[in-house]
Amino acid sequence: MTHVALAIAGSEATGGAGAQTDLKTFHQLGTFGTAALTCIVSFDPKNDWGHRFVPVEPQVIRDQIEATTAVHDIDTVKIGMLGTPATIDAVAASLAERDFTNVVLDPVLICKGQEPGAALDTDNALKEKILPLATFVTPNHFETLSLSGMESIETVEDLTEAAKRIHDTYDVTVLAKGGVVLPGVDAVDVFYDGEQIVQLSSPKIGEERVSGAGCTLAAAVTAELAKGASELEAARTAKAVVTSSIENRQGGHAPFEAVYQGAYRA
Ligand code: PXL
């Protein structure tokens, strides 16, 4: 039987991020992909590609999780963009009712289309209600600052300290992403599970952030865990998948490019 992975994530219609990216990543890594949508994001080409954002009704989110977990045996789930405090409550309740072995959280803290006030409520709800249920978290530079409470992260040593603080606060395995934000020729991520600190490094590909890279990383961790990999093995494979997806990124008519997972080979 093919292992099943579930994404609880938003739709980003252009295929560069969100559930679309998660499903492609799941498929590329040989898992059976399923998705429960939490919100719908439509970039606005007439307004600087801002995010038009519509949350899915909380009960509908719960229904989708009920449906996927009734049809399939699912022990590994990825959580992407949730979007509102009400969505977060619905997902937290659905998670608490089930006993998932791996809950991989991509802590998407802000989305361009949201009101700053609303985004703050959402961030707080994510920290309070979802993070305690997560087993593995993949914060980017900005999210690592926010979750660790550190004032600045400028070196790999800072990133390591931040990963430790997040682990110790939330009792979760951390893969903190330095990405293109930290200086240097390599994109360095720091893995910390309470015992091992491991730096995952690969040469930067350009200096621009590529849309969907974070979704791909967390989805790849999820697929590997669903297949039975250890957390560290999953992190290593995910780093390779993201690097390949960025190398093979796809441009279009927007001023940003999107990751492509289809060229990755183990
Ligand atoms: O990459 C973060 C992200 C996640 N999920 C959805 C998104 C985005 C960014 O656009 O739209 C649905």
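Residues numbered from 1 in each chain as written. Predicted model: local features only at pLDDT ≥ 70, side-chain atom pairs only at ≥ 80, totals over all residues. Heavy atoms only, no water.

Attention shifts here to the overall build of the chain. For the chain, the helix and strand inventory stands at eight helices and nine strands. Against the globule reference of 18 Å for 266 residues, the chain gives a C-alpha radius of gyration of 17 Å, in line with a compact fold. Seen through its principal axes, the chain has C-alpha atoms that stretch 45 × 45 × 40 Å. The buried share of the chain, taken over its 266 residues, is 53%. For the chain, contacts bridging at least 24 residues in sequence account for 66% of all contacts bridging at least 6. A total of about 11,900 Å² of accessible surface is found on the chain, and carbon and sulfur atoms cover 51% of it. (Helix = DSSP H or I, 4+ residues; strand = E, 2+ residues; numbered from the N terminus. Rg over C-alpha atoms; globule rule 2.2 N^0.38 Å. Buried < 20%, exposed > 50% of the residue type's maximum accessible area, 1.4 Å probe, protein only. Contact = heavy atoms within 4.5 Å. Areas by Shrake-Rupley, 256 points an atom, 1.4 Å probe, with all protein chains shown as cover.)

So, on to the pairing of strand β3 (residues 50-55). One ladder, built from six bridges, connects strand β2 (residues 32-44) with β3; its direction is antiparallel. Bridge pairing links I40 to V54 in β3. Between β2 and the antiparallel strand that follows it, β3, lie five residues; D48 among them carries a positive phi value of about 55°. (Pairing = 2+ DSSP bridges.)

Taken residue by residue, a regular strand's side chains alternate between the two faces of the sheet. By the alternation rule, side chains of strand β9 (residues 197-203) split into V198, L200 and S202, which are all buried, and I197, Q199, S201 and P203, of which none is buried. Looking at chain direction, strand β8 (residues 186-192) and β9 are connected through seven bridges and run antiparallel. Across the sheet, D189 pairs through a bridge with L200, a residue of β9. With antiparallel pairing between neighbouring strands as the criterion, β8 and β9 make up a hairpin whose turn holds four residues, including G194 at a positive phi of roughly 100°.

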